[in-house]
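A structural walkthrough
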Amino acid sequence: MPVLSTAPTRHTELVDQAVAILSPRWTTWTLQTIQQHGPMRLADINAALPRVGVHAMAQIVRRMQTSGLLDRPQVGVYDLTPLAHDTQRVHRALSAWHRTHLADGTASLAEAERVEDSLGRLRGMGTIPLLHALAQHGPLPNGALRTEAALATGSFHYRITQLQTDQLITRRSPFSGRGSEYTLASAARGLTPVYAELAEFARKANPTTTRPTQLSPPAQQAVQASAASRRSPAASPELFSHVPDSQPRVPAYVTALSHPSRTR
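Since we're looking at a predicted model, the values are computed, not measured.

**Things to note about the pattern of salt bridges**
A pair can form between side chains of opposite charge whenever their charged atoms are brought close. In total, this model carries 7 salt bridges according to the counting rule given. Its salt-bridge partner being Asp 117, residue Arg 121 comes within 2.8 Å of it at the nearest N-O pair. With Arg 121 and Asp 117 both in helix α7 (residues 111–122), this residue pair falls 4 residues apart, about one helical turn. Of the two residues examined, Arg 121 and Asp 117, each falls in the buried class.

**Some points on helix α8 (residues 127–137)**
α8 sits mainly inside the fold: 11 of its 11 residues count as buried. For α8, every residue scored as buried is listed here: Thr 127, Ile 128, Pro 129, Leu 130, Leu 131, His 132, Ala 133, Leu 134, Ala 135, Gln 136 and His 137.

**Quick notes on the confidence of the model for the protein chain**
Mean pLDDT for the protein chain: 80, with 72% of residues reaching 70 or above. When the criterion is pLDDT under 50, residues 210–216 qualifies, and its contacts beyond four places in sequence or with other chains add up to 9 contacts. Note that residues 222–264 has pLDDT below 50 and, in this model, 92 contacts with residues that lie over four places away or in other chains.

**Focus on unusual backbone geometry**
At the junction of Gly 138 and Pro 139, the peptide bond is cis and its omega measures out at -5 degrees in the coordinates. Secondary-structure assignment places Pro 139 in the loop between α8 and β4 (140–141). For Ala 150, which is not glycine, the phi dihedral falls at a positive 55 degrees. Since its relative accessible area comes to 61%, Ala 150 is described here as exposed.

Analysis parameters
- Residues numbered from 1 in each chain as written.
- Predicted model: local features only at pLDDT ≥ 70, side-chain atom pairs only at ≥ 80, totals over all residues.
- Heavy atoms only, no water.
- Salt bridge = Lys/Arg side-chain N within 4 Å of Asp/Glu carboxyl O.
- Helix = DSSP H or I, 4+ residues; strand = E, 2+ residues; numbered from the N terminus.
- Buried < 20%, exposed > 50% of the residue type's maximum accessible area, 1.4 Å probe, protein only.
- pLDDT = per-residue confidence, 0-100.
- Contact = heavy atoms within 4.5 Å.

Quick look at the structure:
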């Protein structure tokens, strides 16, 4: 087996950054509630999302302020930042992916719940590197996949089990008798448009640190040649190779009775 590159690509890091900002529970619901009603006081947000306790909601809006999603135009009032408005494209991509690949038994889900469920499947240490490794080099056996994701043994087995439960990877036994291997499930192969939107969101969230380094043409050729010889993701970033066409707007109706089912 060829030597694999264990260094994460910039695209992988961007997707991880975006998921870290957007995936905490109730983030999507809070964003879409304020988007629907305009600037809101904390008590009004709580009234729209009654299943969230008062103290929990206060912590949620503080975290969203810190991550750049909410602003306070006046004391006690919360509104979306320009970055928060950019989440609409990400939400549409996530919702469309969920409808296409996880349709069984989810027809009645609200759009915000689809988004949070999708983000829940991408959340967690090692998730994006594992999916990236399988897209670039899979199918991969246990040891090679763990090395590629740079995870400790315990963390690796927990994450692999979760990804199988979430229908993103599958385990198979090759005919060669060398032991089982892991490969991407069809749902994970459909994530390319989602990755593209997440990476673009992360660039907007932190433009000063995500701007690529400008290299001279000879230096760029050297990097590409080296990456190609290693079969590294820098040579062929398969996960992020296709920027999606703009998707139709999907209205998000946030109701007081709706409730995300995933609680990880």
